[in-house]
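Coordinate inspection notes
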Amino acid sequence: MKPSPEEIAAAIAAEEAKRVNLPAGEPVAAFLRTAQALTPALFERRLAVAALVEPAAEPGLALRFAMRPVADGATLARRNWAEGDAFIADFGEHLTGYLSFTAAPTGSVADSPIRLRLTFGEVPTDVAEPLHPYRGWISAAWLPEEVITIDDLPAAFRLARRHAFRYVKVEVLAASRRFGVCFENLTAHAVTSARGAPASLPDSYPEWLRRIDLVSQHTLRDCLQTCFEDGPRRDRRLWVGDLRLQALVNYETFRENDVVKRCLYLFAGLPRSDGLVNGCVYERPVPTYADTTTLDYAALYCVTLQEYVAATGDLACGRELWPVARRQIDCLLARLDETLMFHDGGETWCFIDWAFGLDKSAATHAVIVFALRRMLALAGAIGTAAEVAHFGPIIDGMVAAARAQLFDAARGLYLSGPSMQVSCATQAWMVLAGIPESDAAARAALRNALADPQAVRPITPYLYHYIAEAMLACGMDDEALQLVRVYWGGMLDAGADTFWEAFDPAEPLASPYGDIHANSYCHAWSCSPAWLFRARGLGRPAPPPHHPETPCK
Ligand code: RAM
């Protein structure tokens, strides 16, 4: 049964009430200085209006609306609008940035200010239907709208707030009847710290795959600001889980590696009192703590550091942040029971996915094993292996505990929590952690869960990524390719210019927040196909058959 927005809000509130947030720790000034010194410059690109558009209801589309062009963008400067009028400008592509224009009176001098409502749309739905009444449980202050009043026309105006958008709906809420308003030079100023555009995949790749690759890059580009933001519309901040996937794609595309480093230092500079990194941190107004600790993300901090060192060869950074990563592991291991099992007691958040009702114990257990293995790899690279020689036996113990306590041999999959829940999340992380006894057992666990109509399925591209990554880890390349084609391709079919924070193909209007207008439609953790294609060879066309030349006689 699909939960109502009220049920989602009540369940989240009940979970939050159980949480014990440790106080923030002492900021580590030296780490924060390093982070700030690595702040990248932002580059601006100006975009003119491509077209004036109107939404058309398309019940067959996932988000129910398509845009129809009604006039060329250049005609806007020749039109004028009166109180009560509205239009939608389409900038032709998704961007993160600012809006500017000149508002000029026509027909008479302006004898009043004008009041406008600007609504910013990442997708048609944002501007095609009213944002209110809003039913979400996160603040309505996130809704992408502004009411502005401009005096003394003609006036050049630039909106101070940054938005994420392709469409802007302009409504003239109030203006004197004695003049019309003309909007000249309506301009979007796109900003990103990504320099340049990566080379496209060769033509030998199928068209649909090249398109997913490109949209993945655009998603990353628009999230790549002074840090790797999770979403330029919302939450506009740095989360560990999003960072790992962004960093991976970045190494294969924009290569803004210093931004990854800055992010690692921001987390290291703002530990909680027990040394766990925050699930997310804020950059502004000064780098500061978010009141959120996320155990699976703390484990993924170690993985992200290991991958950064492997991708860049920056051993000095690996060595400097090694104690921070070690601390994550120590804190996580302290939460295992005497049989080396992790149980989600609810006092610290485990994220894994936003799927409603998901039991996170087994998946989090596996994320910890995944991180332990990566810590051994990092230790090998930076020469600290002796310090973590005891990790090997701990990994063996955690693997054995999971096999003994979570594996349902009759069904060929792993269960989670007291309700013995079957989920795709559990199988994906078990496989990535190397817990199944063989690749064949790993493949069976994934296939069994995916075929089980009762299994809890993901609702975010973040968890779909881990299913694809797990499939690649155990030789399910064709299924991984099909998953990417159907899931990310499903967003493309719905008209996506950038990939989304949440998308449940079975319930396209579902939102983790109880209202789709609170969703972000350019969300970092959905950009990972570019890494699956470029680093993991997913979908790589077979080389043309080799015909040895016949030697001349
Ligand atoms: C949401 C955001 C973010 C994610 C967290 C756990 O607030 O979508 O990307 O990392 O959840």
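Residues numbered from 1 in each chain as written. Predicted model: local features only at pLDDT ≥ 70, side-chain atom pairs only at ≥ 80, totals over all residues. Heavy atoms only, no water.

Considering all chains together, one arrives at two cavities of 30 Å³ or more under this definition. What the largest cavity holds in volume is close to 90 Å³. If you go around the largest cavity, the residues you meet are Phe120, Ala141, Trp142, Leu143, Pro144, Arg161, Arg162, His163, Ala164, Pro232, Arg233 and Arg236. Split by residue class, the lining of the largest cavity holds seven nonpolar, one polar and four charged. Taken domain by domain, the makeup of the lining of the largest cavity includes at least three residues from each of domain 1 (19–41 + 194–534) and domain 2 (43–192). Volume-wise, the second largest cavity comes out at about 40 Å³. Contributing to the lining of the second largest cavity are Leu63, Trp500, Ala502, Phe503, Asp504, Pro508, Ala510, Ile516, Asn519 and Tyr521. Residues belonging to the lining of the second largest cavity are distributed by class as follows: eight nonpolar, one polar and one charged. (1 Å grid on protein atoms, 1.4 Å probe; cavity = no way out; pocket = protein on both sides within 12 Å on 5 of 7 lines; lining within 4 Å. Points joined across faces, edges and corners; volume = space filled by probe spheres on them. Nonpolar A, V, L, I, M, F, W, Y, C, P; charged D, E, K, R; others polar. Domains from an automatic or database assignment.)

Bringing the domain arrangement of the protein into the picture now. Taken as a whole, the protein is organised into domain 1 (19–41 + 194–534) and domain 2 (43–192). Relative to domain 2, the C-alpha centre of domain 1 lies at a distance of 36 Å. Listed as interface residues are 34 residues of domain 1 and, on the opposing side, 33 residues of domain 2. When the two sides are added together, the surface that domain 1 and domain 2 hide from each other amounts to roughly 2900 Å², 55% of it contributed by carbon and sulfur. For domain 1, the biggest contributors to the area lost against domain 2 are Arg233, Asp497 and His517; these three give 23% of the whole. At the surface where domain 1 touches domain 2, the tally comes to five salt bridges. The partner of Glu93 in a salt bridge is Arg221, with the nearest N and O atoms 3.4 Å apart. (Contact = heavy atoms within 4.5 Å. Buried area = accessible area lost by both parts, 1.4 Å probe. Salt bridge = Lys/Arg side-chain N within 4 Å of Asp/Glu carboxyl O.)

Let us look at the nonpolar core. If you look at the biggest cluster of nonpolar residues, it comprises 153 residues, and the most contacted ones within it are Leu300, Tyr301, Leu321, Leu372, Trp429, Ile435 and Trp500. It is helix H9 (residues 361–382) that provides the largest number of residues to this core, a total of 13 residues. Inspection of this core shows a minimum of three residues originating in each of domain 1 (19–41 + 194–534) and domain 2 (43–192). Leave out the neighbours within four places in its chain, and Leu321 touches Phe31, Leu264, Tyr265, Ala268, Tyr301 and Leu305. In terms of nonpolar packing, the next biggest core, distinct from the first, is built from 34 residues, Ala89, Leu118, Ile150 and Leu153 among them. (Core = buried A, V, L, I, M, F, W, Y, C linked by side-chain atoms within 4.5 Å. Buried < 20%, exposed > 50% of the residue type's maximum accessible area, 1.4 Å probe, protein only. Helix = DSSP H or I, 4+ residues; strand = E, 2+ residues; numbered from the N terminus.)

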